[in-house]
Protein chains: 4
Amino acid sequence: MQLGLVGLGKMGFNMRERLRKGGHEVIGYDPRPEVTDVPDLAGLAAALTAPRVVWVMVPSGDITSNTISGLAEVLGEGDLVIDGGNSRYTEDGPHAALLAEKGIGFVDAGVSGGIWGLAEGYGLMVGGSDADVEKVMPIFDTLRPPGPREDGFVHAGPVGAGHFAKMVHNGVEYAMMTAYGEGYEMLAAEELIKSPQAVYQAWSNGTVVRSWLQQLLAKALKEDPNLAEIRGYTDDSGEGRWTVEEAIRLRVPVPAIAASLFARFLSRQDDSPTMKAVAALRNQFGGHAVQRIHKSG
Amino acid sequence: MQLGLVGLGKMGFNMRERLRKGGHEVIGYDPRPEVTDVPDLAGLAAALTAPRVVWVMVPSGDITSNTISGLAEVLGEGDLVIDGGNSRYTEDGPHAALLAEKGIGFVDAGVSGGIWGLAEGYGLMVGGSDADVEKVMPIFDTLRPPGPREDGFVHAGPVGAGHFAKMVHNGVEYAMMTAYGEGYEMLAAEELIKSPQAVYQAWSNGTVVRSWLQQLLAKALKEDPNLAEIRGYTDDSGEGRWTVEEAIRLRVPVPAIAASLFARFLSRQDDSPTMKAVAALRNQFGGHAVQRIHKSG
Amino acid sequence: MQLGLVGLGKMGFNMRERLRKGGHEVIGYDPRPEVTDVPDLAGLAAALTAPRVVWVMVPSGDITSNTISGLAEVLGEGDLVIDGGNSRYTEDGPHAALLAEKGIGFVDAGVSGGIWGLAEGYGLMVGGSDADVEKVMPIFDTLRPPGPREDGFVHAGPVGAGHFAKMVHNGVEYAMMTAYGEGYEMLAAEELIKSPQAVYQAWSNGTVVRSWLQQLLAKALKEDPNLAEIRGYTDDSGEGRWTVEEAIRLRVPVPAIAASLFARFLSRQDDSPTMKAVAALRNQFGGHAVQRIHKSG
Amino acid sequence: MQLGLVGLGKMGFNMRERLRKGGHEVIGYDPRPEVTDVPDLAGLAAALTAPRVVWVMVPSGDITSNTISGLAEVLGEGDLVIDGGNSRYTEDGPHAALLAEKGIGFVDAGVSGGIWGLAEGYGLMVGGSDADVEKVMPIFDTLRPPGPREDGFVHAGPVGAGHFAKMVHNGVEYAMMTAYGEGYEMLAAEELIKSPQAVYQAWSNGTVVRSWLQQLLAKALKEDPNLAEIRGYTDDSGEGRWTVEEAIRLRVPVPAIAASLFARFLSRQDDSPTMKAVAALRNQFGGHAVQRIHKSG
C-alpha cells in the first residue's frame, strides 16, 4: 500500500527501506534534503492519494506534536496518522483529539528493535480503533518480524495503549539490563571465573536466562572483554522515567525498574550528593575520616 | 561412555534418559527401589569399570555432602566425581579436598534448564582442572543443547567456578523474573490494555525484551490470563540468598537481585512486621487510623 | 494579630487553640456549624479587618483549590492567603497567580508535627516573598516550637518552596520509618533478643539513631510489644508519591524513599501480581509447585 | 569499681576518661607506650584484684580474638571479660566458650555514640548472663548517658544479643543516613530552595524527622553548605554488610538498609561495571552512543 513517512533518521530511514522491500510505496519527508522525497508536509500530502496514511517517526515531545499539528493542516477527512515514535502515551489522547477535529484518524505504535529491525523486523505494539488499525495492517505486517502475527504485533487497546505497552516494554528492558549488568559485575569480580564473556556466551542455549539481550552482552564482551573502553555513563530517553511515574499512579511497586532508573541517574553524576551527606554525617558523629577535595591554589 | 549417576529425581531421571539416548551407558543409583539400577553406592562402584566417573545429582547441603563422603569410601585412585546439584560453590573446595585424599578427582557442574532440559538440552557451567573436565566432556556434550559447544557449555574456571557461575545465573534469573513480573503488573493495572497476555506474546519476536522467560510468561498467561489460580507465594532454594551474600563479599551492588530476593521473603509473610511498625508510627505521630486486628471471642 | 482560619479539622482546630493561647485573635471558618465562628467565607471576610490574613488548612487538591478560589472572591487588594495544607508545591504557583489578579498575596506553609503540634509547636517551612512572609511572622512564631526561630521555622524560598521542603520532609520521613521498621523486624526475628521494645527504648539516649520517631516506636511497642493488634496496611496521602516523581524530574536517585513508597503499595495488596507472575514462571520452567487458589464449588 | 581496659584508641581512651571521672579505677593497656598504664596483658592481670573485670575495646576480627585468647591465658576462674568492640555477634559464642574453659565469664557490649560519648554518654546494648551483666553494672551506669537506665542501656539477651542489637542499630543508622542524604540531594537540586542547610536546621524542632543525625547534618551543612569539600566516598566497617547477611538468614526483607549498603559500595567505584554493561547493551541494540574511554597515545 501507499504510505507517507515523516522522519528519516536512524529508525525511519531503515523502516522506509524495509517497507519498500516489502512492496509498499513509501514517500518520505525529512527536513534534510539529501534523504527526503518531498519538500515539505504539504508536498507529502499532495503526493499521496486519499485516503492518505502518514507514519510519523520523529523524536518525542515538541517535534512530534508540531509534526502532528502540521499534518492536521494538510491532511483531511478520512486520512490517518500513525505516531510510531517514543511518545509518552498520555500525549496520544490530545493528538488524536486534534486530528479528529479534521476527521483524521490516529493510531499510536510502539516500535521495538532498534538498528536490528531493518533485517529482523520490528516488534510492534499499537493502540487505536479496530477500523484504524485494520487500515494500516499491511504496513504492520511488513514491519513486524516474519512468523505468526501475534508473536511480533499486538493491538493492545484503544488510542494510547500502544505507547503504554511500549513504555512498559522499555521499563522491563531497563531492569533486564541491570540484571545482566549485576551478573556481569559479579562474574568479573570473582577471581575463580576465567572469562565472564565465556559464561555469558554459554548462557545462549539451554539456560533459563537466555535471551536476545544476553546474547548481545556476550557479543559486546567478545569485542571488549573487560568493557575497558566504555564508560558506565548511561543516558535515558524518558520511557524509564515515565514507567516509574505511571507505576506510582497505578500504585504498582516496581523496585527493580526503579533501581535501574536510579542507577542511570547515578551513572551521570560526578559524585553523589547523597553520599557526600553520608560521608559528612559519619565524620560528624564518628570522627571517620572523609576524603577531602583539595583545591589547587 | 560409562557413567554412574546418583540421584534419579526430577532432574537426574531426565538426565539419565537424555544420556542413554545419546549412547552412553548410565548406571543410576537412587534410594527408591523403583528407579534405581543398583542397590547402593557400593553396588554402583562395583558396576562401573575403573577409572569410574560418577555424577551426583541430589539436593544440595547435607545430602550432597553425605553422598560425596559415601563415594569417597567406595571409589578410588583415578576415579572422578561430578557434583551437578545446586551446591553452594563454597562447598566445592572441601568436597574436592576430601576426594583428593583418595586420589579421586572432582568437577562441579551448574546445570540449568529445569524440566525442559530433557528435550532441549541443559545449559552447563563447570569448574575443575582441565584434565578432569576433559574426561567428562562426552557426557557434557550430550547433556548440553546441540549447536556450538560454547553456546551451552563453559569451563568457567577451577573447582567452584561452575557452581559460582550457576549461582550468578540464578541471581540474574531472579531479577529477570521480577522485571517481567513488574511489567505484567503494570499492564494488568492499566485499563487501556486489553490483554497483558497478548502484549507478552507480541514481545516474542523483534523486541529488545524477547527471551525464553518472556515466552514462558506468555504461555502461563495464556493458560490463566489473570493468574487468578496462582498465589504469589514464592519459595527459594538458596541461590538467590547466596548471590546477595557473595555480592556483599565482593562489594558488588546488586539492587535488582536483592529487590527480587526480598520480594520472595515478603511473598511468604502473612503481614510485614516492617509495615506494622510503620503503621504504628503513623498512628503515634499523626493520629492516622490503623487497621486493627480484631480478635473474636 | 488577627487571623482568619479556614478548616477546623484535626490540624486546624488545634492550631486555632494554640494561636489563641498565644494571644492572637483567630476567627475560624468550617462548614461544620458546631466548630465554626462564622457562617461562610463572606462572613469570614466581613469579620476580619483589612488588610486581612487568612490561613487555609483544608485537605489538599480540589478542596484547597476551591477554597482559594472562594477567598479570591471575598478578599481584596492587600490581603494575604496562606495555604498551610499538604498541597503539592506545583499547585502553589497557580494559586498565587489567581490571587495576585486581585492584589492578594500568597504564602505556602508546610506544617509538620501532627497531633503533637498543639502542645509542642509545629515545624514550619514556608515559601513566598519576603514582604508577605514578614506579615505572617507573628503567627509563625506562635505556631512554631519555642526556641531559636531557625530551629523550627524556615523561609525556604519563593512561592512553592515551603511545600517543596515539606514534601521532601515527608519523603525522608517515609524512609526513616522504613529504616526503623526494618530494624524492628530483624530484632523481632532473632531469638537472642528478649525484647525489641527494650532495645528501641535503649536507643533513646547516647546512640546515633536516636530520634523522635525512635521514641515513638519505643512507645508504640510498649503499648503492643508484638504489634499484634495492628495491620501492616499503610495508606499514603500523596507526599511520598510526589517526592519520587519530583526526584525523577530532578534526576535524583532516591532508592530508600522509593523502597518505602513501594512497601506501602505492597502493604495494600492482597497478593502481589508481580509475585504471581514469578511463581507462574518458576512453575513453567522448573515444575516448582505453586500454591493454587482453590475455589470452593 | 576497678576495671581493666584493653585498647586506648579513639573510643577506649575517651571511655577511660569518662569512667575515671565517674570515680572508677581504670587500668588501661595499649601497645602504644605513651598511653598505656601497664606493659602487657600479664601486667594488666597482675595489676587487677580478683575477681577481675576486663573491658576489651579493640578493632573487631583477629585483633579482638587474639586479645581474648591472650586474656584467657592471664585471667582465671571468676574473672570476667567484656567485648565492647564492634565484633560480629557470631564471634561472641566462640569467645565465650573459650573463656568459659577457664571459668572466665563473658559479656558482649555494643557501644554507640562515637566521639560524642565522652561528654554525653554512650548508648549501650549488652548480652550475657544476668549474673555477669550485674557485675559490670556500675561501669555501664557510668558509661551510659544520665537519665533512666532503660533509655540508654539494654540487657538485650544472652551472649551475642548485645552485638546483634548494635549491628541492627548500625543497619538502621545506614538507612537513616541515606534517607537524610536523599532529602539533602533533592533540596540541593531544586532551585526554589534557597538553602538546604536552613531547611535541615528548621527540622530541629517540631517536625516528624527531627533527630540527632538531622542536627548533625544541619551542622555539617553550616560548615560546608554545598559539601563542596567532601567526597561521597564512604567506607564501611562491616556492620551494614552483616546486617544484610543476617537479614537474609532471618528472611527479613531490608530494602532500605540494602540500598544504603550498595550505595556505599558504589561510592567506592571509579565506574560501575554494571552500568558499563548497560551502556554496552544500549550501544549493541540501539546504536546509542557510548562514552568511550580514550587512551592517550
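These numbers were taken from a predicted model, which means no experiment stands behind them.

Caption draft 1: Representation of the relation of the copies chain A and chain C. Superposition record for chain A on chain C: RMSD 0.0 Å, screw rotation 180 degrees, translation along axis 0.0 Å. Both copies are brought into coincidence by an operation consistent with a two-fold rotation axis. Minimal C-alpha separation from the rotation axis in chain A is found for Glu245 of chain A, amounting to 3.1 Å. Both copies present the same face, since 100% of the interface residues in chain A are matched by interface residues at the equivalent positions in chain C.

Caption draft 2: Geometry of the pairing of strand β5 (residues 105-112) of chain D. All names here are of chain D. In terms of burial, β5 is largely enclosed, as eight of its eight residues are buried. Of the two faces of β5, both are covered, the one formed by Gly105, Val107, Ala109 and Val111 as well as the one formed by Phe106, Asp108, Gly110 and Ser112. In this structure, strand β4 (residues 80-83) lies alongside β5, joined through four bridges in parallel fashion. Pairing of Leu80 across the sheet is with Gly105, part of β5. Handedness of the crossover joining β4 and β5 through helix α4 (residues 92-100) is recorded here as right-handed. With five bridges connecting them, β5 and strand β6 (residues 123-127) associate as antiparallel partners.

Caption draft 3: The arrangement of the side chain of Gln214 of chain A in detail. All names here are of chain A. Its location among the elements puts Gln214 in helix α9 (residues 212-223). The exposure class assigned to Gln214 is buried, which follows from its relative accessible area of 0%. At 2.9 Å, the side chain of Gln214 and the backbone oxygen of Tyr200 are in polar contact. Not counting residues up to four positions away in its chain, the partners in contact with Gln214 are Tyr180, Tyr200, Gln201, Trp203, Ser204 and Val209.

Caption draft 4: Structural detail: the sheet that holds strand β3 (residues 53-56) of chain C. Residue and element names in this part refer to chain C. The strand order across the open sheet formed by seven strands is β2-β1-β3-β4-β5-β6-β7, and the pairing between neighbours is mixed. If you trace the sheet from one side to the other, it starts and ends with β2 (25-29) and β7 (153-157), each paired once. Each adjacent strand pair in this sheet contributes to an overall mean axis angle of 25 degrees, direction not counted. On top of the sheet, helix α6 (residues 130-143) reaches β1 (2-6), β3, β4 (80-83), β5 (105-112), β6 (123-127) and β7; it is set at about 35 degrees to β5, its chief contact. Of the strands in this sheet, β4, β5, β6 and β7 are in contact with helix α7 (residues 161-189), which crosses β5 at around 15 degrees.

Caption draft 5: Molecular detail of the interface of chain A and chain C. Facing the 20 residues of chain A at the interface are 20 residues of chain C. Where chain A abuts chain C, roughly 1700 Å² becomes buried across the two surfaces, and 76% of that area is made up of carbon and sulfur atoms. Considering only the side of chain A, the residues that lose the most area to chain C are Ile248, Arg251 and Phe262 of chain A, jointly responsible for 38% of the buried surface there. The interface formed by chain A and chain C contains zero salt bridges. Taken together, the links from chain A to chain C amount to zero residue pairs in polar contact (both at pLDDT 80 or more).

Caption draft 6: The nonpolar core, seen in detail. Counting 232 residues, the largest nonpolar core has Tyr200 of chain A, Tyr200 of chain B, Tyr200 of chain C together with Tyr200 of chain D as its most contacted members. Not counting residues up to four positions away in its chain, the partners in contact with Tyr200 of chain C are Tyr180, Gly183, Tyr184, Leu187, Gln214, Leu217, Ala218 and Leu221 of chain C together with Val172 of chain D.

Caption draft 7: Inspection of the side chain of Thr274 of chain A at higher detail. With respect to the helices, strands and loops of the structure, Thr274 of chain A is situated in helix α12 (residues 273-286). In this structure, Thr274 of chain A is in contact with Pro253 of chain C together with Thr178, Gly181, Glu182 and Glu185 of chain D, ignoring residues within four places of it in sequence.

Caption draft 8: Summary view of the packing of aromatic side chains. All chains considered together, the criterion is met by 28 aromatic pairs over all chains. Seen from their ring centres, Phe140 of chain A and Phe153 of chain A are 5.3 Å apart, and the 40 degrees between their planes marks the pair as tilted. With Phe140 of chain A in helix α6 (residues 130-143) and Phe153 of chain A in strand β7 (residues 153-157), the pair connects residues that are 13 residues apart, well separated along the chain. An identical accessibility class is assigned to Phe140 of chain A and Phe153 of chain A; each is buried. Both rings, one in Phe262 of chain A and one in Phe265 of chain A, keep their centres 6.2 Å apart while their planes meet at 50 degrees; by these two values the pair is tilted. With a gap of three residues between them, Phe262 of chain A and Phe265 of chain A both fall in helix α11 (residues 255-267), about one helical turn apart. A residue is classified by how much of its surface remains accessible, and Phe265 of chain A, at 2% relative accessible area, is buried. What links up through ring pairs into an aromatic cluster is the set Trp55, Phe140 and Phe153 of chain A. Between the NZ or CZ atom of Arg210 of chain B and the centre of the ring of Trp212 of chain A, over which it lies, the distance is 4.3 Å.

Caption draft 9: Layout of the sheet that holds strand β3 (residues 53-56) of chain A. Residue and element names in this part refer to chain A. If you trace the seven strands from one edge of the open sheet to the other, you get β2-β1-β3-β4-β5-β6-β7, paired in mixed fashion. The open sheet has two edge strands with one neighbour each: β2 (25-29) and β7. The average angle at which neighbouring strand axes cross in this sheet is 25 degrees, direction not considered. In the packing of helix α1 (residues 10-21) onto the sheet, the strands contacted are β1 (2-6), β2, β3 and β5 (105-112), and the crossing angle to β2 comes to about 160 degrees. Seen against the sheet, α6 touches β1, β3, β4 (80-83), β5, β6 (123-127) and β7 and runs at an angle of roughly 35 degrees to β5.

Caption draft 10: Representation of the interface of chain B and chain A in the model. In this complex, chain B contributes 73 residues to the contact, which on the side of chain A involves 73 residues. The tally of links from chain B across to chain A stands at four salt bridges. Salt-bridge contacts for Glu120 of chain A lead to Arg210 of chain B; the nearest nitrogen and oxygen are separated by 2.9 Å. Counting the contacts that link chain B with chain A gives 26 residue pairs in polar contact (both at pLDDT 80 or more).

Caption draft 11: Main features of the relation of the copies chain B and chain A. By a simple turn and slide, chain B fits onto chain A: the slide is 0.0 Å along the axis, the RMSD is 0.0 Å, and the turn is 180 degrees. Same-surface contact between copies: 100% of interface residues of chain B are shared with the interface of chain A.

Reading the values: rules and limits
- Residues numbered from 1 in each chain as written.
- Chains lettered and ligands numbered in written order.
- Predicted model: local features only at pLDDT ≥ 70, side-chain atom pairs only at ≥ 80, totals over all residues.
- Heavy atoms only, no water.
- Least-squares fit on C-alpha atoms with pLDDT ≥ 70 in both.
- Contact = heavy atoms within 4.5 Å.
- Buried < 20%, exposed > 50% of the residue type's maximum accessible area, 1.4 Å probe, protein only.
- Helix = DSSP H or I, 4+ residues; strand = E, 2+ residues; numbered from the N terminus.
- Pairing = 2+ DSSP bridges.
- Right-handed = clockwise from strand over helix to strand, strands pointing away.
- Polar contact = N/O pair within 3.5 Å; in protein donor to acceptor, adjacent residues only side chain to side chain.
- Axes fitted to C-alpha atoms, helices over the stretch in contact; angles between N-to-C directions.
- Buried area = accessible area lost by both parts, 1.4 Å probe.
- Salt bridge = Lys/Arg side-chain N within 4 Å of Asp/Glu carboxyl O.
- Core = buried A, V, L, I, M, F, W, Y, C linked by side-chain atoms within 4.5 Å.
- Phe/Tyr/Trp six-rings, centres within 6.5 Å; stacked < 30°, edge-to-face > 60°.
- Lys NZ or Arg CZ within 6 Å of the ring centre and 35° of its normal.

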